[in-house]
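A closer look at the structure
What follows is the residue order along each chain.
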Amino acid sequence: MQELQIHKIELELQNEELRQSKSDVEAALEKFSDLYDFAPVGYFSLDEQGSILEVNLTGSAMLGTERARLAGRRFQLFVAPQYRPAFNVFLEGIFRGHEKRSCEVSLVSAGHAAFWADLQAMSATSRGGAPQRCLMAIVDTTARRQAEEAQRRIDIMGATNRKLQGEIVRRQAVELSLRKSEQRAHQLLGHSRHLQDKLRQMSHQLLLVQENQRKAISRELHDEISQLLLSINLHLAIFDSKTAINPKSIRRNINRVRWLVEKSVRVVHDFARELRPPMLDDLGLIPALNTHIIDFSKRKDLKIRFPAFRGVEAFEGDKRTVLYRVTQEALANVAKHAHANRVGLTLSYMEDQVTLDVRDDGVGFETANGAGPARPRDDGGGFGLTAMRQRVEGVAGRLAIESEPDGGTAISASVPAILA
């Protein structure tokens, strides 16, 4: 009886321990069930055909079907049709190995609301030799997908925006360039109109100069040649009337007629030399300039020095003509306006340039910009300077004019020339 009492006490103690263990297990099971059912992830157990064996409450909520109605249904029915082949391949791979696999598919709930789900699964063998099953966790990735899509759209919009910004900058640059081109075109148009007016004025002045030159030539021909020819004719008439009366006066009258003829020849020669000296073509620039300078200094009572580099005779004839005309015009301006006593004229060659320098010690003039290089004036008085500039620039040369009141004037004409 004592042993039975002791055994009874031991059994009661064991029974108490078993009840405590059962209570602990039930508490743990309840806790596990809570964790399993209310986890934020859907848990599924599938067989090899994809039939649902077990599912937690989160999983049934994802599929929009009660848990009791999901048992035995194939999971493929909730996979979007276009993703079912991929899911079948994924499921087959799970049962072929023991490694963990993942797959992302689109699932359709009972309410026909599609959502993206990330499937994480691996195979497991139940105790007691039960067939393998697939343990699968499902995470709703719709929000992540939407965020990724939104980010992708934002990136596309950002790239498009940057492209649009670049296009805006380019178009603004083009617009600015067009505006500048338009302003430049207006400026060029105004400048061309100004040049056209100047050309019209120059043409008018040129016509006036030509007309004045023709008038002067006509007057000279009338006053000089006509008088000489009339005098020759008169002397011939006298010579004819006196031939029979006084034969001794024949020689005296012949000498007088010869003198008049010689003077006529000299006048015609002077006219020809002023218009185009034959010496310029026959002998060259330096002899032609030397002859013109000697004659000009005698007529105008000027002292003119003329050192020259003889090598300049080797360059083109049109450039020689330009330098000759510039010399004529410069000396004419000295005689008309400068009231100078001395004139220095130099012809030199340096750095493939033949340069003609004309300097006087007379009265200068105010240039367009004050002291410094002068520009031809726009009034009629500056036509000679304009004509010189046009001649020099016509052979790709350069004309520089410096003048100061009471300081004299310096004219430099340079033309390109490559001398052997």
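The model shown is predicted, which means the values in this text are computed figures rather than measured ones.

1. Overview of the packing of aromatic side chains
- In total, this model carries four aromatic pairs according to the counting rule given.
- When the ring of F44 is compared with that of F75, the centres are 5.3 Å apart and the planes differ by 70°; the resulting orientation is edge-to-face. On the criterion of sequence distance, the pair formed by F44 in strand β1 (residues 42-46) and F75 in the loop between α3 (67-70) and α4 (84-96) is long-range, its members being 31 residues apart.
- Here F75 falls in the buried class, since its relative accessible area comes to 0%.
- With 5.4 Å between their ring centres and 75° between their planes, Y83 and W116 make a pair best called edge-to-face. Separated by 33 residues along the polypeptide, Y83 in the loop between α3 and α4 and W116 in strand β4 (residues 114-125) bring together distant segments of the chain.
- Residue Y83 is classed as partly exposed on the basis of its relative accessible area of 25%.
- Three or more aromatic residues joined by ring pairs form one cluster here, namely F44, F75, F87 and F90.
- Sitting over the ring of W116, R145 keeps its end group 3.8 Å from the ring centre.

2. Some points on the sheet that holds strand β9 (residues 398-404)
- Within the open sheet, the five strands sit side by side as β6-β7-β8-β10-β9. Their pairing is mixed. Edge positions in the sheet fall to β6 (303-305) and β9, since each of these pairs with one other strand and no more. Taken over all neighbouring pairs, the strand axes of this sheet differ in orientation by 10° on average, direction set aside.
- Bridge count between strand β8 (residues 353-360) and strand β10 (residues 408-416): seven bridges; the pairing is antiparallel.

3. Notes on the confidence of the model for the protein chain
- Mean pLDDT over the protein chain works out to 80, with 78% of the residues at or above the 70 mark.
- No element of the protein chain has a lower mean pLDDT than helix α6 (residues 250-275), which averages 68, and none a higher one than strand β3 (residues 101-108), which averages 92.
- Across residues 369-381 the pLDDT falls below 50, and counting only partners more than four positions away or on other chains, this stretch makes 24 contacts in the model.

4. Description of unusual backbone geometry
- The residue D301 is not glycine, and still its phi comes out positive at about 55°.
- Structurally, D301 can be placed in the loop between α8 (285-300) and β6.
- By relative accessible area, D301 is classed as exposed at 69%.
- Not every positive phi belongs to a glycine, and H339 is a case in point at roughly 55°.

5. A closer look at the side chain of T141
- For T141, the position within the fold is in the loop between β5 (132-140) and α5 (142-242).
- Look at T141 and you get buried, because its relative accessible area is 4%.
- Excluding residues within four positions of it along the chain, T141 makes contact with E104, W116, A117 and D118.

6. Thoughts on the sheet that holds β4
- Taken together, five strands build an open sheet; the order of strands is β2-β1-β5-β4-β3 and the sheet is antiparallel. Looking at strand neighbours, the two that pair on one side only are β2 (52-55) and β3, the edges of this open sheet. Adjacent strand axes in the sheet meet at a mean angle of 30°, parallel and antiparallel pairs treated alike.
- The pairing of β1 with β5 spans five bridges and is classified as antiparallel. If you follow L46 over to β5, its bridge partner there is C134.
- Where α4 meets the sheet, its contacts fall on β1, β3, β4 and β5, and the angle it forms with β5 comes to roughly 130°.

Parameters and conventions
Residues numbered from 1 in each chain as written. Predicted model: local features only at pLDDT ≥ 70, side-chain atom pairs only at ≥ 80, totals over all residues. Heavy atoms only, no water. Phe/Tyr/Trp six-rings, centres within 6.5 Å; stacked < 30°, edge-to-face > 60°. Helix = DSSP H or I, 4+ residues; strand = E, 2+ residues; numbered from the N terminus. Buried < 20%, exposed > 50% of the residue type's maximum accessible area, 1.4 Å probe, protein only. Lys NZ or Arg CZ within 6 Å of the ring centre and 35° of its normal. Pairing = 2+ DSSP bridges. Axes fitted to C-alpha atoms, helices over the stretch in contact; angles between N-to-C directions. pLDDT = per-residue confidence, 0-100. Contact = heavy atoms within 4.5 Å.

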